[in-house]
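Report on the structure
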Amino acid sequence: MDLMYCSYLDYIVRTLGRDAGSLIDIGTAQCPYLEWFDWIPNRTSFDMVQPYQSKTVTGIQGDFLDHDFGSASYDIVTCLQVLEHIPEPVEFSRKLLSLGKTIIVSVPYNWPKSAADDHIHDPIDYEKLTQWMGREANYHIVVQEPFRGKVGKRLIAIYDEDQSAGYGRKQFKKRIRRNRFVIGG
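Here goes a summary of the coordinates provided. (Residues numbered from 1 in each chain as written. Predicted model: local features only at pLDDT ≥ 70, side-chain atom pairs only at ≥ 80, totals over all residues. Heavy atoms only, no water.)

**Observations regarding the overall build of the chain**
Looking only at helices and strands, the chain features 4 helices and 7 strands. Walking the chain from its N terminus toward its C terminus, one meets helices and strands in the order α-β-β-β-β-α-β-α-β-β-α. Taking 16 Å as the expected radius of gyration for a compact globule of 185 residues, we find that the chain reaches 16 Å, a close match to that expectation. Its C-alpha atoms put the chain at 50 × 35 × 35 Å along the principal axes. (Helix = DSSP H or I, 4+ residues; strand = E, 2+ residues; numbered from the N terminus. Rg over C-alpha atoms; globule rule 2.2 N^0.38 Å.)

**Considering the pattern of salt bridges**
All told, the structure shown has 5 salt bridges when counted by the stated rule. Across the salt bridge formed by Arg43 and Glu35, the nearest N and O atoms sit 3.7 Å from each other. Classification of Arg43 by relative accessible area gives buried; the value is 5%. A salt bridge links Glu145 to Arg154, with the nearest nitrogen and oxygen atoms 3.9 Å apart. Accessibility assignment for this pair places Glu145 and Arg154 in one class, buried. (Salt bridge = Lys/Arg side-chain N within 4 Å of Asp/Glu carboxyl O. Buried < 20%, exposed > 50% of the residue type's maximum accessible area, 1.4 Å probe, protein only.)

**Considerations on the environment of Tyr139**
Looking at the secondary structure, you find Tyr139 in strand E6 (residues 139-144). Sequence separation of Tyr139 and Tyr167 is 28 residues, and the distance between their C-alpha atoms is 6.1 Å.

**Focus: the pairing of strand E2 (residues 42-47)**
Of all the 6 residues making up E2, 5 are buried; the element is thus mostly covered by neighbouring parts of the structure. Bridging between strand E1 (residues 22-26) and E2 involves 5 bridges; their strand directions are parallel. Each bridged residue has a counterpart across the sheet, and for Leu23 the counterpart in E2 is Arg43. (Pairing = 2+ DSSP bridges.)

Dropping the structure here:
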């Protein structure tokens, strides 16, 4: 939670997911960040090796590309820091888009090839992500972590099922955000 990009993601989900009834995260591993979104009643972690699970989060283990989600559709789909590891990012990305209404993706932004042994696609920029997803994001931002140098940037992109949906200042004023901090009582 100390990473700036995690704070951005928390804020984005609290803003865009104020009325969400379901969320699935693809590639969660054992990370408990789905617990942050406690107002969303149906939260699912999907991971190839070891999905996160708890009393409030359902874990599903499997290969994402082979898994049959049937007619399942989620209000929010997150895939955070995963695509850089995937041998077939185009097929993976397009399947992400088919799972829900709002898809939030993050990738390392322009990390050098030697930055992480398990990254097979570095460097990744917005143009490469756009090619993988097959369309422009409705919104994207690069977040810089302090003190991290060349491996301190992450790209966050939001894809809405309505490709014309705006995420600018004008639309933002209409959104009600769930307060992260309880004030008073």
